[in-house]
Amino acid sequence: MQRSVGVVVPAYRPDVERLAEYVTAIDERLDPAVVRIELDAPRPDAVERLSSLPATVATAPYRRGKGRAITMGFEALDTDVLVFADADGSTPADSLAAVTRPVLDDDAELAVGSRRHPDARIARHRTFARRRLGDTFAWLARRLLDPQLFDYQCGAKAISREAWTTVREHLYEPGFAWDIELVAIAGALGQRIAEIPIEWHDQPDSTVSPVGTSIALARGLLAARHRAALINENRLHGMIAAQREEHPLVDADEQ
């Protein structure tokens, strides 16, 4: 029996025309049960322009952050497989389908798109600075986390509903570091992770600030390592956690 797929596309002040084309391509290629656009701080005409798409548009009047938007989107889905893709369309619909396939076939609980995999195809390159920062982050993540991947931050991932119900309570990062935390927690819980090479189209007008995001990612990487260690009952990290008062995203969204 074919498992159902739901797709979440987190978007903050997106290029509406590009987003519309991308959502249409996802709908045609993946044939998902639902596509849900999580739209933060939308411009006045954005919702109306997106209303004709084969998608549900959920809005927030402020910028929630990528991680919080995806989490809220996943919580609203009732499909067997949960997928997210960045709104700029850097991962084409064909590659997103390839990322989804291992989870659909029950070959993995979490599938991670990879721009740095040796078999990945880069159709449009990022600037040298962004490539260097990304390479450095991936190198550091491989040394701090158990999952050994080429790419942790690619904006295309798929997870089974069963795995999501297990990892959701361990996710705290509201921003771009959510990706790395998801991978770290899945690894700590012993879930099967598949890294899938993709075709990548870098978008030069991305809203991501390379320097600011890199600092936030570095902090998020250390936090992800800490939370993975808690799952493994590391005593030192348990003592650190006892000094903090934090709420996972799923609890914070209910408050």
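Computed from a predicted structure; not experimentally measured.

Peer 1: Quick rundown of the overall build of the protein chain? Include the residues and the values.
Peer 2: What the protein chain contains, in helices and strands, is 10 helices and nine strands. Buried residues in the protein chain amount to 49% of all 255 residues. Long-range contacts, defined as pairs at least 24 residues apart, comprise 76% of the intrachain contacts of the protein chain with a sequence gap of at least 6. Of the accessible surface of the protein chain, which amounts to about 12,200 Å², a share of 48% is contributed by carbon and sulfur atoms.

Peer 1: Account for the environment of Phe-150, with residues named and values stated.
Peer 2: Among the structural elements, Phe-150 can be located in the loop between α5 (128-144) and β7 (156-160). Classification of Phe-150 as partly exposed rests on a relative accessible area of 37%. Contact partners of Phe-150, with chain neighbours within four places excluded, come to Ser-114, Arg-116, His-117, Pro-118, Ala-138, Arg-142 and Glu-195.

Peer 1: Break down the sheet that holds strand β1 (residues 5-12) for me, citing the residues and quoting the values.
Peer 2: Taken in spatial order, the seven strands make up an open sheet running β3-β2-β1-β4-β7-β5-β8, and their pairing is mixed. Where the open sheet ends on each side, the last strands, each with one partner, are β3 (56-60) and β8 (193-197). Geometrically, the sheet is characterised by an average inter-axis angle of 20 degrees between neighbouring strands, direction not taken into account. For β1 and strand β4 (residues 81-85), the ladder comprises four bridges, and the chain directions are parallel. Its bridge partner being in β4, Val-5 is matched across the sheet by Val-81. Docked against the sheet, helix α1 (residues 16-30) engages β1, β2 (34-40) and β4, running at close to 170 degrees with respect to β1.

Peer 1: How would you sum up the side chain of Glu-181? Please name residues and give values.
Peer 2: Examined against the element boundaries, Glu-181 turns out to sit in helix α7 (residues 178-188). We classify Glu-181 as buried; its relative accessible area is 0%.

Peer 1: Please provide a residue-by-residue account of the pattern of salt bridges, values included.
Peer 2: Under the criterion given, the structure shown has 19 salt bridges. Among the ionic pairs, Arg-101 bridges to Asp-105, the shortest N-O distance being 3.1 Å. A salt bridge links Glu-173 to Arg-227, with the nearest nitrogen and oxygen atoms 2.9 Å apart. Of the two residues, Glu-173 sits in the loop between α6 (161-167) and α7 while Arg-227 sits in helix α8 (residues 210-231), which places them 54 residues apart along the sequence. There is no split in this pair, since Glu-173 and Arg-227 are both buried.

Peer 1: Can you explain the nonpolar core? Please cite residues and give values.
Peer 2: Counting 36 residues, the largest nonpolar core has Val-7, Leu-19, Ile-26, Ile-37, Leu-50 and Leu-96 as its most contacted members. At seven residues, the largest contribution of residues to this core is made by α1. Dropping the residues within four chain positions of it, Ile-26 is found in contact with Val-7, Val-9, Asp-31, Pro-32, Val-35, Ala-93 and Leu-96. Within the second largest apolar cluster, 32 residues are counted, among which are Leu-77, Val-112, Ala-177 and Leu-182.

Rules used in this analysis
- Residues numbered from 1 in each chain as written.
- Predicted model: local features only at pLDDT ≥ 70, side-chain atom pairs only at ≥ 80, totals over all residues.
- Heavy atoms only, no water.
- Helix = DSSP H or I, 4+ residues; strand = E, 2+ residues; numbered from the N terminus.
- Buried < 20%, exposed > 50% of the residue type's maximum accessible area, 1.4 Å probe, protein only.
- Contact = heavy atoms within 4.5 Å.
- Areas by Shrake-Rupley, 256 points an atom, 1.4 Å probe, with all protein chains shown as cover.
- Pairing = 2+ DSSP bridges.
- Axes fitted to C-alpha atoms, helices over the stretch in contact; angles between N-to-C directions.
- Salt bridge = Lys/Arg side-chain N within 4 Å of Asp/Glu carboxyl O.
- Core = buried A, V, L, I, M, F, W, Y, C linked by side-chain atoms within 4.5 Å.

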